[in-house]
2 protein chains.
Amino acid sequence: MPLTQSLVCLILEPAVVPLDPLPVNPLTPDPLAPWRGPLARALHRNRSKPHSRYAQLATLSAHGRPANRTVVFRGFYHHSNTLMFVTDTRSAKVTDITQTPWGELCRYFTQTREQFRLSGAITLITADAADAALGQARRERWEALSEASRQSFHWPQPRHPRSEDPTAFEGSGPASAFPDPPPSFGLGLLQPDAVDHLELRGNPQNRTQYQRLTDGTWAMQAVNP
Amino acid sequence: MPLTQSLVCLILEPAVVPLDPLPVNPLTPDPLAPWRGPLARALHRNRSKPHSRYAQLATLSAHGRPANRTVVFRGFYHHSNTLMFVTDTRSAKVTDITQTPWGELCRYFTQTREQFRLSGAITLITADAADAALGQARRERWEALSEASRQSFHWPQPRHPRSEDPTAFEGSGPASAFPDPPPSFGLGLLQPDAVDHLELRGNPQNRTQYQRLTDGTWAMQAVNP
């Protein structure tokens, strides 16, 4: 559906403070967004590269600067357009997100030379989650982790001076002995409301922007790269 | 040089508003920072991958959300620790940086599985640069660009609805006919004052943080990953 020029400008130049209240439940089923097809194709075509699951997550730190680090994409939550990543709740990004819930995930696929930018609100699911479905989602992600990944949540406080205790990084025995996720395990849920897809191949490159509208549908627009 | 616990805390938890005035000239010669060695090694070991020159730059957008996109690393400015990237001055990141000069560049090297996060102030050099050395740096980067890259600065306004004019993306003839950079060409200079290096290989992983001190020297600290 082509957009009028005025709507496009609305999409490209958001209002000064669009800090809408966060959705009540980020796991609400949602029709498949139109950018899911191109993203699924990119994931498929780049599947031989383990790093195709990596992406860079930008947040706003408490001291007012943007922060940026690599996270591992853990798939979409059932029947939604919500992207999942796991995090140590002792990490700086958790402090960032608790104060300012907005983030932008940048995924560059090296094989197909295309970039997806996914911007939206992030919800953090910790051990305190009151909502049963959110707590269940966190447990499911914990169970899906490798033994090595689970152990890392038992390591000493991240970013503190390197522990000199050689046993500090051995974890706490086999993870199977710990069926429940520890308090340090958090699940991050990013609900994009704006997506920007750039394909570097071709001359000129193709660029498409998607914007979630208030009724939950998506507008899309081919734009100049 | 090992740091005391209190200094480490200062490094890890910056003051609430450390928005120091920007340095007068980002091209001031600077002794080689201690993170330059590890970064040079990573660039060398990953040199077979063209995308080892790519990195994700996080900025703060005018509407208060973090923004994140891939940029190409264009090397260091002579005798400094200042990283260079080029940008179309009509892009959103230029608006971001003009309002809030802070950025964090995240570079993940796929071959050696290591990440560098470089945080600092960004200076944009445009056609209006009053400083002769900054103007010269911009011209040098323009001259170093490929013909195809130069042409892209003559394309129609980025993020506007895709131009239907097939000739709009043909550029303006051979770049050699345009020895001077167009107004759309900007040079970005990132001066890191905090660097975080994470090596995923090894168990546990190695992580080192570097902080530029007010006297221009750097503190470094091995931390828990």
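Residues numbered from 1 in each chain as written. Chains lettered and ligands numbered in written order. Predicted model: local features only at pLDDT ≥ 70, side-chain atom pairs only at ≥ 80, totals over all residues. Heavy atoms only, no water.

Regarding its fold elements, chain A presents five helices and eight strands. In chain A, which comprises 225 residues, the share counted as buried stands at 52%. Within chain A, residue pairs in contact and separated by at least 24 positions form 63% of the contacts whose partners lie at least 6 positions apart. About 10,400 Å² of surface is accessible on chain A, with carbon and sulfur atoms providing 55% of the total. (Helix = DSSP H or I, 4+ residues; strand = E, 2+ residues; numbered from the N terminus. Buried < 20%, exposed > 50% of the residue type's maximum accessible area, 1.4 Å probe, protein only. Contact = heavy atoms within 4.5 Å. Areas by Shrake-Rupley, 256 points an atom, 1.4 Å probe, with all protein chains shown as cover.)

Moving on to the relation of the copies chain A and chain B. Note that the two copies of the chain are related through a rotation about an axis and a translation along the same axis. Least-squares fitting of chain A to chain B yields an RMSD of 0.0 Å, with the superposition described by an axial translation of 0.0 Å and a rotation of 180°. The operation mapping one copy onto its partner corresponds to a two-fold rotation axis. Both copies share a contact surface, since 100% of the interface residues of chain A are interface residues in chain B too. (Least-squares fit on C-alpha atoms with pLDDT ≥ 70 in both.)

What follows is about the packing of aromatic side chains. With the rule as written, the count across this model stands at 18 aromatic pairs over all chains. Aromatic pair Tyr54(A) and Tyr108(B): ring centres 5.2 Å apart, planes at 70°, arrangement edge-to-face. One end of the pair, Tyr54(A), is in strand β1 (residues 54–60); the other, Tyr108(B), is in strand β4 (residues 102–109), on a second chain. Every member of this aromatic cluster is reached through a ring pair, and the members are Trp35(A), Phe73(A), Phe76(A) and Trp218(A). Above the face of the Phe76(B) ring, Arg36(B) is positioned so that its terminal group lies 3.5 Å from the ring centre. (Phe/Tyr/Trp six-rings, centres within 6.5 Å; stacked < 30°, edge-to-face > 60°. Lys NZ or Arg CZ within 6 Å of the ring centre and 35° of its normal.)

Attention now goes to empty space enclosed by the protein. Scanning all chains against the criterion turns up three cavities of 30 Å³ or more. Roughly 170 Å³ of volume is contained in the largest cavity. Lining the largest cavity, in full, are His51(A), Tyr54(A), Gln56(A), Tyr108(A), Thr110(A), His51(B), Tyr54(B), Gln56(B), Tyr108(B) and Thr110(B). Counting only elements with at least two residues in the lining of the largest cavity, the list comes to β1 of chain A together with β1 (54–60) of chain B. Of the volumes computed, that of the second largest cavity is approximately 40 Å³. Every residue lining the second largest cavity is listed: Val71(B), Val72(B), Phe73(B), Leu83(B), Met84(B), Phe85(B) and Leu105(B). The element that contributes the greatest number of residues to the lining of the second largest cavity is strand β3 (residues 83–88) of chain B, accounting for three residues. Class assignment of the residues belonging to the lining of the second largest cavity gives a composition of seven nonpolar, no polar and no charged. (1 Å grid on protein atoms, 1.4 Å probe; cavity = no way out; pocket = protein on both sides within 12 Å on 5 of 7 lines; lining within 4 Å. Points joined across faces, edges and corners; volume = space filled by probe spheres on them. Nonpolar A, V, L, I, M, F, W, Y, C, P; charged D, E, K, R; others polar.)

Let's shift gears to helix α2 (residues 36–45) of chain B. Residues and elements named next belong to chain B. Among all positions in α2, only Arg36, Pro38, Leu39 and Ala42 are buried. All buried residues of α2 fall inside an arc of 165° around its axis, so they share one side. Buried residues belonging to α2 abut β4, β5 (114–125), β6 (185–199) and β7 (206–212). (Arc of directions from axis to C-beta.)

Mapped onto the elements, Asp131(B) comes out in the loop between β5 and α4 (132–144). A residue is classified by how much of its surface remains accessible, and Asp131(B), at 31% relative accessible area, is partly exposed.

All right, on to helix α3 (residues 92–99) of chain B then. Residues and elements named next belong to chain B. Here α3 has its buried residues at Lys93, Val94, Asp96 and Ile97. Relative to the axis of α3, the buried residues are bounded by an arc of 155° and lie together on one face. Along α3, exposed side chains directed more than 90 degrees from the buried face belong to Thr98 and Gln99. Against the buried residues of α3 lie β1, β2 (66–72), β3 and β5.

Below, the discussion takes up unusual backbone geometry. All names here are of chain A. Its identity as a non-glycine residue notwithstanding, Arg113 has a phi of 55°, on the positive side. Topologically, Arg113 is positioned in the loop between β4 (102–109) and β5 (114–125). Positive phi is not limited to glycine here, since Arg159 has a value of about 70°. If you trace the backbone, Arg159 turns up in the loop between α5 (147–152) and β6 (185–199).

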